[in-house]
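Descriptive analysis of the structure
Listed below, chain by chain, are the residues.
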Amino acid sequence: MTATTHDAKEELELLLATPEGRRYMLSLTVDAEEGDEADLFAMMAAAVGDSELRRMLEQHKADEARHAGLFRGCLERNGAAWAAAVERARALETDAFAKAQAAGAEHVLAQGWLAAV
């Protein structure tokens, strides 16, 4: 194990040792599951012609939503709400995505991914 790996592991353990740290990590996880991935999977599913690939993309989007619900439940069971810091960061990201949509950039992102499949 390198010093960097060891340090990162120790830092993560310290973060998870506190209720606020666990709240923050669970909030980040909820955000990852609910975030732009859901929008991206929806755009890709709408853009593909292959019905099996579309079904897989739609299932993946549904799985992300289910995972987010499980992590939100974990937050609730621990008496915590989604971290405000994550919510503020998400608002900034959503604003940036909206600007990209207005410029047509989300289409480029989806097409780039589809071209790689």
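Quick note: structure is the one above.
Residues numbered from 1 in each chain as written. Predicted model: local features only at pLDDT ≥ 70, side-chain atom pairs only at ≥ 80, totals over all residues. Heavy atoms only, no water.

1. Points about the nonpolar core
Where a protein is soluble and globular, its nonpolar side chains tend to be buried together. Here is the rule: Each nonpolar core is a collection of buried residues, namely Ala, Val, Leu, Ile, Met, Phe, Trp, Tyr and Cys, held together in the definition by side-chain atoms within 4.5 Å. Each residue gets one of three labels from its accessible area relative to the maximum for its type: buried under 20%, exposed over 50%, partly exposed in between, using a 1.4 Å probe on protein chains only. Put simply, DSSP marks the helices as runs of H or I at least four residues long and the strands as runs of E at least two long, and each gets a number from the N terminus on. Pairs of residues are marked as contacts when any of their non-hydrogen atoms sit within 4.5 Å.
Ranked by size, the top nonpolar core spans six residues in total: Phe41, Met44, Ala45, Val48, Leu53 and Leu57. When residues of this core are traced back to their parent elements, those giving at least two are α3 (36–47) and α4 (51–77). Tallying contributions element by element places α3 first for this core, with three residues. Contacts of phenylalanine 41, omitting those with residues within four sequence positions, involve Leu57, His60, Lys61 and Glu64.

2. Some words on the pattern of salt bridges
When the charged atoms of two side chains with opposite charge come close together, those side chains can pair. Stated precisely, the cut-off is as follows: Every case where a carboxyl oxygen of Asp or Glu lies within 4 Å of a side-chain nitrogen of Lys or Arg is listed as a salt bridge.
What the rule picks out here adds up to four salt bridges. With a shortest N-O distance of 2.7 Å, glutamate 52 and arginine 55 are connected by a salt bridge. Taken together, the residues span about one helical turn, with glutamate 52 and arginine 55 both in helix α4 at a distance of three residues. Take arginine 55: its relative accessible area is 43%, and that puts it in the partly exposed class.

Such coordinate-based values are descriptive only and should not be taken to indicate function.
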